[in-house]
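Residues per chain, in single letters:
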Amino acid sequence: MRRIIQNLRIGTKLAIASALGILLVALMIFSQIAGNAAVRKANGIAREQHTIERDAIDAKASIRGMQIGVRDIRLANSPENLKKAGDYVERRQKSINGFTDEMLKLVHSQGSRERIAKIRSLADNYGSEAQKIAALRSEAIGIEAKRSAGSELPADAVAKLANLNDEVARIARDVTLPIATELEVVANKQIEHAKHRVEQETAAAAQEMASAERTSLAIGISAALLLIGTCVFSVFTIARPMSALSSSMRELAEGNFGVVLPGLGRKDEIGDVAQAVETFKVKAAEKAREEAEVKMKQDQVAAQQRKADMIKLADDFEGAVGEIIETVSSASTELEASAGTLTSTADRAQELTTAVAAASEEASTNVQSVASATEEMASSVNEISRQVQESSRMA
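Residues numbered from 1 in each chain as written. Predicted model: local features only at pLDDT ≥ 70, side-chain atom pairs only at ≥ 80, totals over all residues. Heavy atoms only, no water.

Asks: Mind laying out the overall build of the protein chain, listing which residues take part and the relevant values?
Replies: Scanning the protein chain from terminus to terminus reveals 7 helices and 0 strands. Overall, the protein chain shows an N-to-C arrangement of helices and strands of α-α-α-α-α-α-α. Out of the 395 residues in the protein chain, the part that is buried amounts to 29%. Once local pairs closer than 6 in sequence are excluded, the contacts in the protein chain between residues at least 24 apart make up 78%. (Helix = DSSP H or I, 4+ residues; strand = E, 2+ residues; numbered from the N terminus. Buried < 20%, exposed > 50% of the residue type's maximum accessible area, 1.4 Å probe, protein only. Contact = heavy atoms within 4.5 Å.)

Asks: Any details on the packing of helix α2 (residues 10-75) against helix α3 (residues 79-106)? Residues and values, ideally.
Replies: Interhelical geometry of α2 versus α3 gives an angle of 165° and a closest axis separation of 8 Å. The angle between α2 and α3 falls in the class roughly antiparallel. As α2 packs across α3, the resulting crossing turns out to be left-handed. The class makeup of the residues in the contact of α2 with α3 is 15 nonpolar, 7 polar and 7 charged. (Axes fitted to C-alpha atoms, helices over the stretch in contact; angles between N-to-C directions. Parallel < 35°, antiparallel > 145°, perpendicular 65-115°, else oblique. Left-handed = near helix turned anticlockwise from the far one by under 90°. Nonpolar A, V, L, I, M, F, W, Y, C, P; charged D, E, K, R; others polar.)

Asks: Please set out α3 residue by residue, giving values where relevant.
Replies: With 28 residues, α3 extends 41 Å from end C-alpha to end C-alpha; this agrees with the ideal 40 Å at 1.5 Å per step. For α3, the set of buried residues is L82, A85, V89, Q93, S95, I96, N97, F99, T100, M103 and L106. Those residues of α3 that are buried are in contact with α2 and α4 (110-145). (Expected span 1.5 Å × (residues − 1).)

Asks: Tell me about the pattern of salt bridges, residues and numbers included.
Replies: Going through the model one piece at a time under the given rule, you end up with 14 salt bridges. Residues K83 and D87 are paired through a salt bridge, measuring 3.1 Å at the closest nitrogen-oxygen approach. Residue K83 and its partner D87 are both found in helix α3; the two are separated by 4 residues, about one turn of the helix. Residue classification places D87 among the partly exposed positions, given a relative accessible area of 26%. Across the pair K94 and E90 runs a salt bridge whose closest N-O atoms are separated by 3.8 Å. Taken together, the positions of K94 and E90, both in helix α3 and 4 residues apart, correspond to about one turn of that helix. In this structure K94 comes out as exposed when scored by relative accessible area, which is 57%. (Salt bridge = Lys/Arg side-chain N within 4 Å of Asp/Glu carboxyl O.)

Asks: Which residues make up the packing of α3 against α4, and what values go with them?
Replies: In contact at an axis separation of 10 Å, α3 and α4 are set at 170° when each is read in the N-to-C sense. Of the possible angle classes, the one that applies to α3 and α4 is roughly antiparallel. From α3, P79, L82, V89, Q93, I96, N97, T100, D101, M103 and L104 reach across to α4, where they touch R113, I116, I119, R120, A123, D124, G127, A130, A134, R137, S138 and I141.

Asks: How would you sum up the nonpolar core? Please name residues and give values.
Replies: Burial of nonpolar side chains together is a common tendency in soluble globular proteins. Judged by nonpolar contacts, the single largest core of 32 residues is most densely connected at I73, Y126 and L183. The residues contacting I73, other than those within four sequence positions of it, are L82, A85, G86, V89, A130, I133, A134 and R137. Counting residues in each nonpolar core, the second largest holds 9 residues, with I10, L245, L252 and V259 among its members. (Core = buried A, V, L, I, M, F, W, Y, C linked by side-chain atoms within 4.5 Å.)

Asks: Tell me about a negative patch on the surface, residues and numbers included.
Replies: Where like charges cluster on the molecular surface, the negative patch consists of E286, E290, E291 and E293. Tracing the sequence through the fold places E290 in helix α6 (residues 269-348). (Patch = residues over 30% accessible without salt bridge, like charges linked within 9 Å, V, L, I, M, F, W, Y side chains within 5 Å. Areas by Shrake-Rupley, 256 points an atom, 1.4 Å probe, with all protein chains shown as cover. Lys, Arg positive; Asp, Glu negative; His and termini not counted. Charge placed at Lys NZ, Arg CZ, Asp CG, Glu CD.)

Asks: So what's going on with the side chain of R137? Which residues, and what values?
Replies: Within the secondary structure, R137 sits in helix α4. A polar contact of 2.6 Å, which involves the side chain of R137, links it to the backbone oxygen of A76. (Polar contact = N/O pair within 3.5 Å; in protein donor to acceptor, adjacent residues only side chain to side chain.)

Asks: Please provide a residue-by-residue account of the environment of I73, values included.
Replies: With respect to the element layout, I73 can be found in helix α2. The class for I73 is buried, based on a relative accessible area of 1%.

Asks: Would you mind going over the side chain of T176 in detail, with residue names and values included?
Replies: Relative to the helices and strands, T176 resides in helix α5 (residues 155-253). For T176, the residues in contact, after removing those within four places along its chain, are Y126, E129, I133 and I171.

Asks: Can you tell me about a nonpolar patch on the surface, naming the residues and giving the values?
Replies: A contiguous nonpolar surface patch, about 660 Å² in accessible area, is contributed by L217, I221, L225, I228, V232, V235 and F236. The residue L225 is located in helix α5 in this model. Among the residues examined, L225 registers a relative accessible area of 55% and is labelled exposed.

Asks: With reference to specific residues and values, describe the environment of Y88.
Replies: Secondary-structure assignment places Y88 in helix α3. Between the alpha carbons of Y88 and G69 there is a distance of 6.0 Å; along the sequence they are 19 residues apart.

Asks: Lay out the confidence of the model for the protein chain with the relevant residues and their values.
Replies: Per-residue confidence for the protein chain gives a mean pLDDT of 80, with 82% of residues at or over 70. Within the protein chain, α3 carries the highest mean pLDDT (92), whereas helix α1 (residues 2-7) carries the lowest (64). (pLDDT = per-residue confidence, 0-100.)

If you want it as structure tokens, here you go:
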């Protein structure tokens with residue numbers, strides 16, 4: 001595995017590291033977006049449920065307003081008060097219908113829709129019964145309006161008024177009161193359900209937020225570890241091999257052709273550089289060997305030339321010395337002949353004086369000294385010639 005990684009091109013390594021980094025960043029962004037979307041959704045549902053809760057509370061208040069309106073209808077003693085109480089009940093009923101319509105737009109669960117529909121149905125029933133009570137009270141107010149000042153109503157009118165009041169009490173006791181009680185119970189259930197959903201969605205939003213934060217933290221740590229790993233990977237697979245290769249190249253530049261270049265055999269750019277430098281090293285070594293061979297041949301030719309020059313010089317010197325020796329020998333022979341002639345002359349001229357005879361002997365002695373010196377000079381010339389030849393052989 002390590003060798004496979006080493007053989008990857010540097011561009012491929014950097015591309016893989018960059019791709020992993022981009023992938024982690026994309027995952028972080030996606031996680032953040034998904035988390036924010038989930039939080040927004042949970043918050044939206046929580047807001048909807050809060051709106052439903054508020055509408056349910058307002059509907060409950062309107063129900064109580066209808067109850068107050070029914071009470072006012074029962075207590076009304078004039079057509080104006082009766083109409084005012086009836087209008088109030090009608091307004092409260094319309095407000096309940098408005099709240100239920102708004103809640104139906106927001107709810108999604110079947111249970112909530114059924115409860116809201118039931119609230120509306122019960123409110124409508126309550127309104128219908130309130131209208132019946134209003135009609136009965138209107139008839140009763142009309143009967144009481146026929147009473148003259150200080151006079152009593154006829155017995156049949158009193159009986160009818162009592163029946164009307166009894167019917168109103170019955171409807172209020174047996175019909176509207178149970179409807180109002182059931183309305184309040186259903187409204188309370190819807191309020192509790194909405195409040196519970198608000199708490200659930202708020203908790204879900206907080207949980208989604210915490211989950212998104214944990215995911216982002218995990219991805220961020222992974223990205224940091226990836227960057228650290230990329231740095232370590234770059235140091236061990238790129239920087240250190242390049243540094244080792246640079247050191248080897250410096251040794252090669254200093255003339256050490258035996259250095260082993262690191263990175264040979266790798267398939268990445270470092271291997272390419274090492275192979276190129278290895279080729280350069282081989283070519284440089286071959287050129288150095290060729291230059292050494294040429295220089296050796298040149299030195300051999302120069303040595304042979306020097307040897308030939310020394311031999312020629314020795315020969316020339318020996319020839320010159322030989323001519324000198326020959327000249328000296330010839331001169332000594334001539335001198336010796338002259339001495340012989342002089343001796344013969346001295347013998348024939350006995351009459352010469354004793355001084356001439358002594359001079360003749362001295363001349364003969366000088367000739368012998370010259371001959372001896374000539375022999376010594378010949379010996380010296382031979383010794384010099386031998387030394388020159390020995391020097392030529394040593395060269």
